[in-house]
Every structure is written in structure tokens, then in C-alpha cells.
Number of protein chains: 2
Amino acid sequence: MSEKPNTASKVIKNDPWFGSYASRAESMRASEIRALFAVANRPEVVSLAGGMPYLERMPFGELSELIAKMMVDKGDVAWQYGSAQGDQHLREDVLQIMELENIKDVQPDDVVIVNGSQSGLDLITRIMCNPGDVVLAEAPNYVGALGVFQSFQVDVVNVLLDKDGLIPEAFEQAIIEQHKLGKQVKFLYTVPNFHNPAGATMSEERRPKILEIAQRYHVLIVEDNPYGLLSFKGKTYPALRSLDAENVVYLSSFSKIIAPGMRVAWMVAPPGIRHKLVLANESAILCPSNMSQMTVTTYLDNFDWKSQINDYRGMYKERCDTMDAALREYLPYCSWHKPEGGFYIWLQIPDGLDSRAMLPRAITAKVAYVAGTAFYNNGQGTDHMRLSFCYPTPERIHEGIRRLSTVIDAERETAELFGTTGRPDPDPTDVEYPDPSAN
Amino acid sequence: MSEKPNTASKVIKNDPWFGSYASRAESMRASEIRALFAVANRPEVVSLAGGMPYLERMPFGELSELIAKMMVDKGDVAWQYGSAQGDQHLREDVLQIMELENIKDVQPDDVVIVNGSQSGLDLITRIMCNPGDVVLAEAPNYVGALGVFQSFQVDVVNVLLDKDGLIPEAFEQAIIEQHKLGKQVKFLYTVPNFHNPAGATMSEERRPKILEIAQRYHVLIVEDNPYGLLSFKGKTYPALRSLDAENVVYLSSFSKIIAPGMRVAWMVAPPGIRHKLVLANESAILCPSNMSQMTVTTYLDNFDWKSQINDYRGMYKERCDTMDAALREYLPYCSWHKPEGGFYIWLQIPDGLDSRAMLPRAITAKVAYVAGTAFYNNGQGTDHMRLSFCYPTPERIHEGIRRLSTVIDAERETAELFGTTGRPDPDPTDVEYPDPSAN
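Being a predicted model, the structure only gives us computed values, none of them experimental.

**As for the domain arrangement of chain A**
All names here are of chain A.
Logical step 1: You can read the domains of chain A as domain 1 (23-56 + 307-416) and domain 2 (81-302).
Logical step 2: Once you take the C-alpha centre of each, domain 1 and domain 2 turn out to be 25 Å apart.
Logical step 3: Contacts between domain 1 and domain 2 engage 34 residues on the former and 33 residues on the latter.
Logical step 4: Here domain 1 meets domain 2 over a buried area of about 3,000 Å², counting both sides, of which 61% is carbon and sulfur.
Logical step 5: Of all residues in domain 1, the largest losses of buried area upon contact with domain 2 belong to Arg313, Glu340 and Phe375, amounting jointly to 24% of the total for that side.
Logical step 6: At the junction of domain 1 with domain 2, the criterion picks out ten residue pairs in polar contact (both at pLDDT 80 or more).
Logical step 7: Broken down by element, the side of domain 1 that touches domain 2 gets its largest block of residues, seven residues, from helix H12 (residues 305-330).
Logical step 8: Looking at side-chain class alone, the side of domain 1 that touches domain 2 contains 17 nonpolar, eleven polar and six charged residues.

**Considering the pairing of strand S3 (residues 134-139) of chain B**
Residue and element names in this part refer to chain B.
Logical step 1: For S3, the buried fraction is high: six of the six residues fall into the buried class.
Logical step 2: By the bridge criterion, six bridges tie S3 to strand S4 (residues 155-162) in an arrangement that is parallel. Considered in S4, the bridge of valine 134 is made with aspartate 155.
Logical step 3: Regarding topology, helix H6 (residues 143-151) serves as the crossover connection from S3 to the parallel S4, and that connection is right-handed.
Logical step 4: Two strands pair when backbone bridges link them, and S3 and strand S6 (residues 185-190) are joined in this way by four bridges, in the parallel orientation. Note on S6: the bridge partner recorded for valine 134 is valine 185.

**Re the interface of chain B and chain A**
Logical step 1: On the chain A side, the residues contacting the 104 residues of chain B number 104 residues.
Logical step 2: Its salt-bridge partner being A:Asp122, residue B:Arg126 comes within 2.8 Å of it at the nearest N-O pair.
Logical step 3: At the junction of chain B with chain A, the criterion picks out 44 residue pairs in polar contact (both at pLDDT 80 or more).
Logical step 4: Within the residue set of the side of chain B that touches chain A, elements represented by two or more residues are helix H1 (23-26), helix H3 (60-78), helix H5 (116-128), H6, helix H10 (271-285) and helix H11 (290-302) of chain B.

**Observations concerning the sheet that holds strand S8 (residues 248-253) of chain B**
Residues and elements named next belong to chain B.
Logical step 1: Pairing is mixed in the open sheet, where eight strands are placed in the order S2-S9-S8-S7-S6-S3-S4-S5. The sheet is open, and its two borders are formed by strand S2 (111-114) and strand S5 (165-166), each paired with just one other strand.
Logical step 2: Pairing geometry for S8 and strand S9 (residues 265-268), over four bridges, is antiparallel. Its bridge partner lying in S9, leucine 251 is registered against methionine 267.
Logical step 3: Along the sheet, H6 makes contact with S3, S4 and S6, crossing S6 at roughly 165°.

**What about the sheet that holds strand S12 (residues 370-371) of chain B?**
All names here are of chain B.
Logical step 1: The three strands lie next to each other as S10-S13-S12, forming an open sheet whose pairing is antiparallel. Here the strands that pair on one side only, and so sit at the sheet edges, are strand S10 (344-348) and S12.
Logical step 2: Both S12 and strand S13 (residues 384-388) contribute to a ladder of two bridges, which runs antiparallel. Counted as the bridge partner of valine 370 is arginine 386 from S13.
Logical step 3: In the packing of helix H12 (residues 305-330) onto the sheet, the strands contacted are S10 and S13, and the crossing angle to S10 comes to about 15°.

**Observations concerning the pattern of salt bridges**
Two side chains that carry opposite charge are able to pair once their charged atoms sit near each other.
Logical step 1: Taken as a whole and assessed by the stated rule, the structure comprises 42 salt bridges over all chains.
Logical step 2: Ionic pairing is found between A:Arg42 and A:Glu44, a salt bridge with its closest N-O pair at 3.8 Å.
Logical step 3: On the basis of relative accessible area, A:Arg42 is assigned to the partly exposed category, the value being 30%.
Logical step 4: Through salt bridges with shared partners, a single ionic network connects A:Asp122, A:Arg126, B:Asp122 and B:Arg126.

**Looking at the relation of the copies chain B and chain A**
Logical step 1: With an axial shift of 0.0 Å and an RMSD of 0.0 Å, the rotation relating chain B to chain A amounts to 180°. Accordingly, the operation relating the two chain copies is best matched by a two-fold axis. Within chain B, the C-alpha atom positioned nearest to the axis of rotation is that of B:Ala68, 2.9 Å from it.
Logical step 2: Both copies present the same face, since 100% of the interface residues in chain B are matched by interface residues at the equivalent positions in chain A.

**Focus: the packing of aromatic side chains**
Logical step 1: On inspection of all chains with the given rule, the structure shows 26 aromatic pairs over all chains.
Logical step 2: Geometrically, the ring pair formed by A:Tyr299 and A:Phe303 is stacked, given 5.4 Å between the ring centres and 15° between the ring planes.
Logical step 3: A relative accessible area of 15% means that A:Phe303 is categorised as buried.
Logical step 4: An aromatic cluster of three or more residues is present, and its members are A:Tyr227, A:Tyr312, A:Tyr316, A:Phe343 and A:Tyr344.
Logical step 5: Directly above the aromatic system of A:Tyr21 lies the positively charged group of B:Lys276, at a separation of 4.9 Å from the ring centroid.

**Notes on the nonpolar core**
One broad rule of soluble globular proteins: the nonpolar side chains tend to lie buried together.
Logical step 1: Ranked by size, the top nonpolar core spans 280 residues in total, and within it A:Trp79, A:Tyr189, A:Phe254, B:Trp79, B:Tyr189 and B:Phe254 carry the most contacts.
Logical step 2: For B:Tyr189, the contacting residues outside a window of four places in its chain are B:Leu121, B:Val135, B:Leu136, B:Ala137, B:Glu138, B:Asn141, B:Tyr142, B:Ala145, B:Phe149, B:Val222 and B:Asp224.

Cut-offs applied
Every chain begins its residue count from 1, and numbering advances along the sequence as written. Note on labels: chains are lettered from A, ligands numbered from 1, in written order. With the structure being a predicted model, the display of local features is reserved for residues of pLDDT at least 70 and the display and counting of side-chain atom pairs for 80 or more, all residues being used for whole-chain, interface and lining totals. For side-chain calculations, the full set of non-hydrogen atoms in the structure is used, while hydrogens and water are omitted. What fixes the domain bounds is an automatic or database domain assignment. Contact criterion: two residues are considered in contact whenever any of their non-hydrogen atoms come within 4.5 Å of each other. Here the quantity called buried area is the accessible surface, traced with a 1.4 Å probe, that two parts lose on coming together, added over both. Any pair of nitrogen or oxygen atoms within 3.5 Å is treated as a polar contact; in protein, a donor-acceptor pairing is required on top of that, and neighbouring residues in sequence qualify only through side-chain atoms on both sides. Put simply, DSSP marks the helices as runs of H or I at least four residues long and the strands as runs of E at least two long, and each gets a number from the N terminus on. Polar here means any residue outside two lists: the nonpolar Ala, Val, Leu, Ile, Met, Phe, Trp, Tyr, Cys and Pro, and the charged Asp, Glu, Lys and Arg; Gly therefore counts as polar. Summary of the burial criterion: residues with accessible area below 20% of their type's maximum are buried, those above 50% are exposed, and those between are partly exposed, where the area comes from a 1.4 Å probe applied to protein chains only. At least two DSSP bridges between two strands are needed for those strands to be called paired. Crossover handedness is defined here as right-handed if the route from the first strand over the helix to the second strand goes clockwise, with the strands pointing away from the viewer. By definition here, a salt bridge exists when the distance from a side-chain nitrogen of Lys or Arg to a carboxyl oxygen of Asp or Glu is within 4 Å. Lines fitted to the C-alpha atoms define the axes, with helices restricted to the stretch that makes contact. Angles between their N-to-C directions range from 0 to 180 degrees. Least squares is the method for superposing the copies, and the C-alpha atoms it fits come from residues with pLDDT of at least 70 in both. Working definition: rings of Phe, Tyr and Trp (its six-membered ring) pair if their centres are within 6.5 Å, and the pair is stacked with planes under 30 degrees apart, edge-to-face with planes over 60 apart, and tilted otherwise. Two thresholds decide whether a charge sits over a ring: the Lys NZ or Arg CZ must be within 6 Å of the ring centre and within 35 degrees of the ring normal. Joining through side-chain atoms within 4.5 Å is the link that ties buried Ala, Val, Leu, Ile, Met, Phe, Trp, Tyr and Cys residues into a set, and such a set is a nonpolar core.

Right, dumping it as C-alpha cells:
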């Protein structure tokens, strides 16, 4: 989500500390998304790449006055150190939000405030996983989770999902196979609602089945739910956590329902795990920012946040509809499932085309997406791309898909003429994207 | 720094996930400070325990208006995702601050913004240290750093310091001993200025010697400098980083010179290490909070922050003088070095007394401190306590030392009569502190 290029995307030559790093540092690599965003965020490019929420409808004017008042009244608290478990008031507030997804048995003491969902994923992996331990995860998978698992040297085993989400039989099969290999499965990582990038949602029929399998094999579930309230039909699904308090660690965030700039998310976990999460949070960041947490409670206490979420739903639905219509118009020979909510369409491109190899050409045509390979840990995904409809306006989305179609059309013609596009697949962390303003 | 008790300080019985945790989670324990703060923060107790800066002199009224304006003008940036390396404007601003400690060769690209110093310590340990690796550190040592090292299963080897800071000969000796044991020393962790808890400052003569040894043995130095600008005499020491750009990772924070509630700190590192720090930052937290960073730049750009720091210096100097005078008045038989800056006096108590065993009695007498044992990884420190003069007013400090003297006087009498105080040393993470309001 980086806004501008930085030196971290370059490989450092002649490092005098080479050989001194921890082994986990060897497996840290820049995500494919990182290098791309430097060019994708230029104004002349229609970026269908980023997962940034559209914030212009936030009531910044009124909010700024309330935050100023909070600072005058409670600046000495907002600017001071806080608790490692998070602000009590905020831990009470999040209970109301979780009730919307049927989670009703939680007390403020069960909640841990974390520095964004990314930190939550870091903490749960940190306390559960030794190097070489197995985590099961949907494939394709959220790129940020893949980064965390990689940095803790976790062995990620892919489990298939379809338009109804994670496939229970595939989940059970994966556990059995790992047990045969003598491996303990530390947890299943799942994004059940409006999956990033696949757009899929776990059906209501599958949820109890997944939980039953988890219970039977004593496998923990980490339920990551940033998009659950952003359903286009207004239908919210019961959280896995609402059906099982003992085997589920629940993770949600304000990033998509309010805004990501405060870096505030929360976790609910069974007591033993929660205890370790608080210790890990203290070790990792000492405490979440009081200023950020009190900004969120100021918003929640003073605004009709349910209406705001409803407004976001309508806005993202319109953008999804626009993208779906544009795809039907310009790329009818590709395939996709229109999602019921969230931010993304997961587009399958014709056989023989390579979404990653094609990306520099798309940038030249002033449109950006994320190649499917970013969402796999094994090189899969060349036949898919993630298209985000969250940030650009409907007009820009339509234009972006039109531009994209010119690129895919041309690639497809080449492939049909020669049986291949002839483009080598570049190293994604080292690719030099063309300057789109040169065209 | 926690404000109220939370469930995380309790041991969880019958955890169904017992046996599933990562080995690093086994070594995570609540710090001694944690359990204490629940009672230490009650208003009837004079707390000489916390390291909270005193914020009432911050210009919250004016600040709140400027932050409100920033939100109206740039709310869509402040509330959005940012760069993993941190905000460019803030990375430019910190150069001015580092110049005050003679660091003049740094570019914004060399800087990484982190989520508080604690996160900086987490990141550098994460990229450098495998389990069992050796880190050298001053003993006593900052409790938050000990927590990080413990959570990454690092073997902390203590190096002596005296009132002139880390002893060069002891540093070299420690390296040689580790090399004899076949161990690689991953880095030296040092707080050269106004050390927490020891109050010591590394003399100007010792600085080049420490660096020469580090260079000769190719040992990295992690220089943690939260207090460097809070010198009571106005004397700032040249940062180790100002004398050596290749072997020093520099870490500083806004927590003590502005306020901790934003959780904003920064690091400067040689290119190879910086590259990995940015990747680790992205994996750990995705990006620092734009809202927090822009709050800091709003402050730096609009206020005379140098005068504010100077004002803080005067305030903390007065409090330090008050504590020193009260100690002379009430506890002349204890020993301490009056620090030249920072937040703490490291008090040595008479032979036979145990600062940790005595603590519940101090709480009953309505005064709190941190026992010396919190700052060692090996049970040392029963003969010391850390007294903070940063947060309470001078009147409260004087009264706190008076109360403390009644406790130490009584313990000393008992010890002189019976040769021992007869108090067993409790498990510090499980101690039940008395309710001070019951007296």
C-alpha cells in the first residue's frame, strides 16, 4: 500500500552484515504488490491494484472538531502510554460491532486491541508457530498473511476454495495428509467473507462443517474478517467465532469500515491464547496508540457508524456492478464470480496468458492490477489477476477495464497466432515497470 | 505502563491449547512492572514506578486546532494506508532532531519510521537473531528490551556499566568470551545517555573506544537513545551513530521529547539492515499510522519544539533535584549517582534488604517503585530499586521519598536486629499487592 518508491525494494549489494542475519530474515521478501504500487499510484494510471478504501465520504469536517475537543479534554490520556491489551472503552465498543455478526458472548476482557490486522496476524503466528510448523490457508491467499507466514518460516499448505469458500473435504484431507507426514497443524487461516483476493464467501452450510472438522482434529481456526460488514445485499453471515468460542481466534479491523490510517484492529481469543497475545503485543509494540484508539471511540460514540457502513456498502456495490458490467462488455471471454461484498474481483484470463508477464504492458496502457501470483506461495496464479473496485470511481473503473481489455486482447491474439505470448516471466521483486507518463 | 489490571497478568489454567504454542511463547512472561502498575497508579499512591513523561505542559489547546485543520485539509491521506518505511515529510523532519546530537550525514531514505521504540527493538532483533544467538547488553538493562530478547529466545550476556556508562574493557572481554564459546555476537544493545534504569551516561572518552572495539570484532551496535536531548545541563553528547555510520543502528523516539501516545519512533541503519527493517516493518504492521505521523509533523512544523524540549529539561531537572535532596534528607545511608538527565535514579539499598520482597510493604505505605530485579535476566538486582522522577510533581516526589524511607528504615531495623528481614522473595509475576486504600 506504499505510496512512493523507496529504497527497500532494491537489492543491497556488498552488505557488510551479510551472513549476520537471522534465518527468518532470509525469507523476507518484498511483496509483488510493493514494486508495482510506485507506478500504479500515478494519477494517469487507473489503478485496479490497491486495496485502499475510498474515504472521501468520511465526515472529516465534523470529525476534526470532535477530535480537537477530545484532545483538549483528554489530551494527557490520548498522548500518554496505554494498556497493552488496549483501551477499555474501545474494547467495550467493539462488542456492538461484533453483535452484527452474531458474536454475543464476548466480554471486554476477551478482546485485545492490535496495531492493525497485520499486527494481529503477526502476533498469532508468533505465539503459535515454530519454524517448519504447518498452517493451512485458502489458496489464493491474502498477500499480507503470506508475508507473515514466510517471515516466521511457516510451511503454508494450500487448501482449495470455490465460490462457496473453503471446501470442507479439502480441509479435512489436508489435515489427514499433514498428520500422515507427522506434522502438527497449528491453525487454519481463513477469510470467510468476501475473500481477498478470491471474492468468495463461505456458505452458511459449510461453516458448521468446517468447525466440526476443526474440533474433531483439534485444529485452531484463525478467522480474519475485515470485510464481513461490507455485504452488497446487506446480508451478514454468522462469524465462525459466533458458532464456536473455544477453537476460533477472531480478527477484525476498522480499516475497511472506518479507515486504515489509525491502524486499529481487534482480536478475540480463548483465554490461554488471549493471555499470550497480550504478552506478545507488549513485547512487539508496548501498547497500541491511545490517540488512535480514542480517535476511533470518538467516531463510534458520535456518529451513526451503522449508516456510514451502509453508505459504504452502497458505494462499493455500485463500483462492483460497474466493474462486472465493464468486464461483460470488454472481456466476455474471461471468467469471474461476481462477489457479494468486499473489494475485489478475481479474474481468470484465457489459457496461455500470463498475468505477471503482461503487467508491464498494462502499465504502459495506463492500467494496473495485481497479478495472481502475488497470492500464492508456489508460483501459481499466472492465469488470474486481482481487480480492485474499492478506490477508483465508477467512471475510472469502466475506463480501466477498457484499457485492460486492449492489453488482454492483444496478448490473446499473439498467443493464438504463435501459441505463446513469448514473454518471459520476470522476477517480480526486481521488475522495472515502464514509466507510464512516457506514453 | 498499563493503566488498569487486566486478565493477561493471570495464569490461565486448563488451557486446551497448552502444548500447541511456539517455543518462543514459552519464554514470554509478564514483566514485573505490569502487575505492579495496577496498584501503583491509584491516586493515593505516590508512584515512583512508571516511566510516563509529564504531559500537562503540552499546548493541547493550540495543537488540537492545528490537528483539526490538518484533518480537514488532508484527512484522506491521514486516514489512509501509508508507506512501510514511513512518511517522507516526517523522515525529513527527524534529520533536524538528529543534528542536535551531531548526526549530520543522514538522508530521509536512511530513516525508517517505526511504531514506537519497542517495535524498533522487536524489528532489529527479529532480523538479526536466531534462537540461542548472543546479544550483549548493559546490566541493569531496559526492561522492554529484555522482554524482546526473551521473546526471540536470545541469550543476553550482561556487560558491566558504571557511572560513565558501559565499560570498554568489559565489552571487549565479553566478546572474547563469547568467541571462545564459539558464539557469534549479533549486536551490543546500549542506552548511552541517561540510562534506564541506571541513570548513567557513556562518557565522551569511552565512545570512540566502544566503537573501535565494535569495528575490530565486527560487532553491530544498537544505540537506543530516547533520553539524549533531556540533559539537565543542556549538554548533548555526540551519538555513537555520529561517529560511525557503518556499525551502528540508531533508534530514537518522540515518546519522551513530545509524547508517547502516538507511538512514533525512528531508526537509522546501514543500507542492508535498513532494507530488511523495512521488510520486517511491513510484515509486522504493514505501515506506521499516517494519522500519528502527520500529528507529529503538524507539531514539529508549527511549534517551537526546541523550546518545548528545553522546558521539559528544566522541569525534569527540578524533579531530579527534589528527589536527590529528599534522598539526602531521608535516606542518607543509601547510595546513588545523581543523573545528568533522563527520568531515573537507581538507588542502592543497604545490605540484607530485598527491594522486591519489600515492595508490598511499600505499597501499603502508599509509595511505589520498581524493584531492581525487573532489570536483570538472572535474579540480580534485589539490592537496587528504580525511582522515577518524571511524572509526579516535586511535592509528591518529596512525600514519596519520605514514605519510602519509613519502609526502608523499618526493614533495616529488622535486618539489624535479626540479621535478615525474614521476608521470602515472592514470584514477581504472581504477587498479590495489598490494597493501599485499605490503610
